[in-house]
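Chain by chain, the residues:
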Amino acid sequence: MSTTHHMLLYHFVFSTKNRRRWLEPAHQPMVFDYIGGTIRNLGGVSIRVGGWLDHVHLLVKLKTTHCIADFMRELKAGTSKHFNESTTSLQKVGWQDGYGAFTVSSFRKDRLIEYIDNQEEHHRTEDSRTEYLRMLDVHGVEYDEKYIDD
């Protein structure tokens, strides 16, 4: 029996390169499904994938052996390569260089799932950049605003 027990939930947020609005609603199910499959191929558990026109939210369970930087680099590189090589219905895509990574309590998981599921409604009143800066502030993350849109 294993002696390591964990529940490592992460909320990842990243935007399209230069916040290009290429995640059209008609394409979102295909894009989000592929991202979820890539998460599984990297050994993670995709709990929820969503977002809106220019950004993605992920709720992911990772193993203790995962390195977040490696996981995100492989996820973003693999998905952008796939979309650019195999999809003619999407514009050429790239992800921003950085990302937000926030730990999530299992007690808050359902609330975050609801938040991810309601991105369209949420972004009627708040753009994604403002949302992201608010998230950084709420979590006490220091940042230089000139690097937010890399």
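Relevant structure appears above.
Along each chain, residue indices are assigned from 1 in the same order as the chain's sequence is written. Only residues with pLDDT of at least 70 get local features here, since the model is predicted, and only at 80 or more are side-chain atom pairs given and counted; chain-wide, interface and lining totals rely on the full set of residues. To obtain the side-chain values, all non-hydrogen atoms of the structure were used and water was disregarded.

### Focus on the packing of helix 1 (residues 28-41) against helix 2 (residues 68-86)
No. 1: Interaxial angle, 0 to 180 degrees, is taken between N-to-C directions of lines fitted to C-alpha atoms, where a helix line uses only the stretch in contact. Here a strand is any run of E in DSSP of at least two residues, a helix any run of H or I of at least four, and the numbering for each starts at the N terminus. Packing of helix 1 against helix 2 leaves a shortest axis separation of 10 Å and a crossing angle of 135°. Between helix 1 and helix 2, the interaxial angle falls into the category oblique. The two elements helix 1 and helix 2 cross, and the hand of that crossing is right-handed. Packed against helix 1, whose contacting residues are Met30, Val31, Tyr34, Ile35, Thr38 and Ile39, the element helix 2 presents Phe71, Leu75, Gly78, Thr79, His82 and Phe83 at the interface.
No. 2: Its residues placed into classes, the contact of helix 1 with helix 2 shows 8 nonpolar, 4 polar and no charged. With respect to orientation, any angle under 35 degrees is reported as roughly parallel, any angle over 145 as roughly antiparallel, any angle of 65 to 115 as roughly perpendicular, and every other angle as oblique. Crossing handedness: left-handed means the near helix sits turned counterclockwise from the far one by under a right angle, and right-handed means the same turn made clockwise. A contact between two residues is defined here by any heavy atoms of the two lying within 4.5 Å. Only Asp, Glu, Lys and Arg are considered charged in this grouping, and only Ala, Val, Leu, Ile, Met, Phe, Trp, Tyr, Cys and Pro are considered nonpolar; every other residue, Gly among them, is considered polar.

### Concerning helix 5 (residues 128-138)
No. 1: Under the scheme applied here, a residue whose accessible area is under 20% of the maximum for its type counts as buried, over 50% as exposed, and between as partly exposed, the area being computed with a 1.4 Å probe on protein chains only. Inspection of helix 5 places Ser128, Glu131, Tyr132, Leu133, Met135 and Leu136 among the buried residues, and these make up the whole buried set.
No. 2: Elements in contact with the buried residues of helix 5: strand 1 (8-15), strand 3 (55-62), strand 4 (100-104), helix 3 (109-117) and helix 4 (119-122).
No. 3: For helix 5, the N-terminal capping position is held by Asp127, with its side-chain oxygen 3.0 Å away from the main-chain nitrogen of Arg129. For the purposes of these results, a polar contact is taken to be a pair of N or O atoms within 3.5 Å, where, inside protein, one atom must be able to donate a hydrogen and its partner to accept one; residues adjacent in sequence count only when each atom of the pair is a side-chain atom.

### Overview of the environment of Tyr99
No. 1: One can find Tyr99 in the loop between helix 2 and strand 4.
No. 2: On the basis of relative accessibility, which here comes to 28%, the residue Tyr99 falls in the partly exposed class.
No. 3: Residues Tyr99 and Glu142, 43 residues apart in the sequence, show an inter-C-alpha distance of 13 Å.
No. 4: Each residue touching Tyr99, except ones within four places of it in the same chain, is listed here: Phe12, Val13, Phe14, Ile68, Ala69, Met72, Lys76 and Tyr132.

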